[in-house]
Amino acid sequence: MGFRLPGFRKASFSSNQASSKVEDVPKGYLAVYVGEKMKRFVIPMSYLKQPSFQDLLNQAEEEFGYDHPMGGLTIPCKEDEFLSITSNLNDL
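Each chain carries its own residue numbering, running from 1 in the written order of its sequence. Local features in this predicted model are restricted to residues of pLDDT 70 or higher, and side-chain atom pairs are both shown and tallied only at a pLDDT of 80 or more, whereas totals for entire chains, interfaces and linings draw on every residue. Water and hydrogen atoms were dropped before computing side-chain values, which therefore reflect all heavy atoms in the structure.

Section: the overall build of the chain
In terms of regular secondary structure, the chain is built from 2 helices and 4 strands. Of all intrachain contacts in the chain linking residues separated by at least 6 positions in sequence, the fraction that spans at least 24 positions is 59%. Secondary structure counts use DSSP, requiring at least four H or I residues in a row for a helix and at least two E residues in a row for a strand, with both numbered from the N terminus. The contact criterion used is simple: two residues touch if any of their non-hydrogen atoms lie within 4.5 Å.

Comments concerning the nonpolar core
As used in this record, nonpolar core signifies buried Ala, Val, Leu, Ile, Met, Phe, Trp, Tyr and Cys residues forming a set joined through side-chain atoms within 4.5 Å. For the exposure calls, accessible area comes from a 1.4 Å probe over protein chains only, and a residue counts as buried if that area is under 20% of its type's maximum, exposed if over 50%, partly exposed in between. Counting 14 residues, the largest nonpolar core has Val-32, Val-34, Ile-43, Phe-53, Ile-75 and Phe-82 as its most contacted members. The set of elements that each furnish at least two residues to this core consists of strand S2 (29-34), strand S3 (39-44), helix H1 (51-64) and helix H2 (79-90). Excluding anything up to four places from it in sequence, Ile-75 contacts Val-32, Tyr-33, Val-34, Gly-35, Phe-53, Leu-56, Leu-57 and Phe-82.

Section: H2
A helix is expected to span 1.5 Å for every residue after the first. Taking 1.5 Å of rise per residue, the 12 residues of H2 would be expected to cover 16 Å, and the 16 Å separating its terminal C-alpha atoms lies within 8% of that figure. If you check which residues of H2 are buried, you get Phe-82, Thr-86 and Leu-89. All buried residues of H2 project into a common sector of 40° when viewed along the axis, lining one side. The reported arc concerns the directions from the helix axis to the C-beta atoms and nothing else.

Observations regarding the confidence of the model for the chain
The predicted model of the chain has a mean per-residue pLDDT of 75, with 65% of residues at 70 or higher. Predictor confidence is given residue by residue as pLDDT, running from a minimum of 0 to a maximum of 100. Mean pLDDT per element in the chain: strand S1 (residues 14-16) is the minimum at 46, and S3 is the maximum at 92. For residues 1-20, every residue scores under 50 in pLDDT, and the model assigns this stretch 53 contacts once sequence neighbours within four places are set aside.

Here you go:
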């Protein structure tokens, strides 16, 4: 599964409540839900083209298919694992 999106914007995460509206996500970013408590992270869409993040997307597809319980993309891993993977992407 490969996504090709132009451009790369470096940004820090923002974490909000799951009840936040779609309007809270700036252009070029997407909201994902991670961990047992379904913590919401807003990440740059450029992460989608990174192999390590694509591995997370494959896990999400295997577990949830295209039916994500939070209404947004749900990543089935622990928060610390997600933060470890994405912190390496911030260094690119």
